[in-house]
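# Descriptive structure summary
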Amino acid sequence: MITSRRDYVMRLLEEIGRLLARVSAKRRNGDSDDAALETVVFGLQRLFKLDADQIFLLQPEQHFILLADEEEPEFARDKILLYAALSAEAGHIYTRQGNRPLARATFINALRFTLKARAQYSPEGLPDYAPKVPDLLAALAGEPLDAETARLLNEQGR
């Protein structure tokens, strides 16, 4: 990878990591859910380099492909885990809003992306923002998983 491209991706990951930290702090401090969700959406826009309406028209598999496409394995993994972390934050916000169906969908998405990243890429040197599988399972509170996520979980012996 060209050094300038590598530097760009590293700066992008750092920037979105800072956005993630702000979202998490806003949620913990009881700030406006709307402001926190806007920050999640802005993080997704930066991650994908697309407008929000374009992002939300895509299916999760398309998200995964876009995040992993043409990247060094380490960067692909970190981008996928950052997407999972943003999804998990959205899940917490939706839970606080009492929107259990949307919370469940975003937590499952976060879990699926976390499991896929851990299965396809090196587990060495995971970023601090990488979601923890037990935390995501706890957030789902024993709700049933879709077949793909259950298979990924089973394959990783969890």
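Everything here concerns the structure above.
Notes on the structure in this doc start here. Bear in mind the structure is a predicted one, so any value in this text is a computation, not a measurement. (Residues numbered from 1 in each chain as written. Predicted model: local features only at pLDDT ≥ 70, side-chain atom pairs only at ≥ 80, totals over all residues. Heavy atoms only, no water.)

### Concerning helix 4 (residues 60–68)
The set of residues buried in helix 4 consists of His63, Phe64, Leu67 and Ala68. All buried residues of helix 4 project into a common sector of 120 degrees when viewed along the axis, lining one side. Downstream of helix 4 by one or two residues, glutamate 70 has phi in the positive range, about 55 degrees. (Buried < 20%, exposed > 50% of the residue type's maximum accessible area, 1.4 Å probe, protein only. Helix = DSSP H or I, 4+ residues; strand = E, 2+ residues; numbered from the N terminus. Arc of directions from axis to C-beta.)

### Describing the pattern of salt bridges
Taken as a whole and judged by the stated rule, the model has 10 salt bridges. The shortest N-O distance in the salt bridge between glutamate 143 and arginine 100 comes to 2.8 Å. Within this pair, whereas glutamate 143 is found in the loop between helix 7 (133–140) and helix 8 (147–155), its partner arginine 100 is found in helix 6 (residues 100–120), the two being separated by 43 residues in sequence. Accessibility expressed as a relative area gives 22% for glutamate 143, which makes it partly exposed. Beyond isolated ion pairs, a larger network of salt bridges with shared partners links Glu61, Arg112, Lys116, Asp146 and Glu148. (Salt bridge = Lys/Arg side-chain N within 4 Å of Asp/Glu carboxyl O.)

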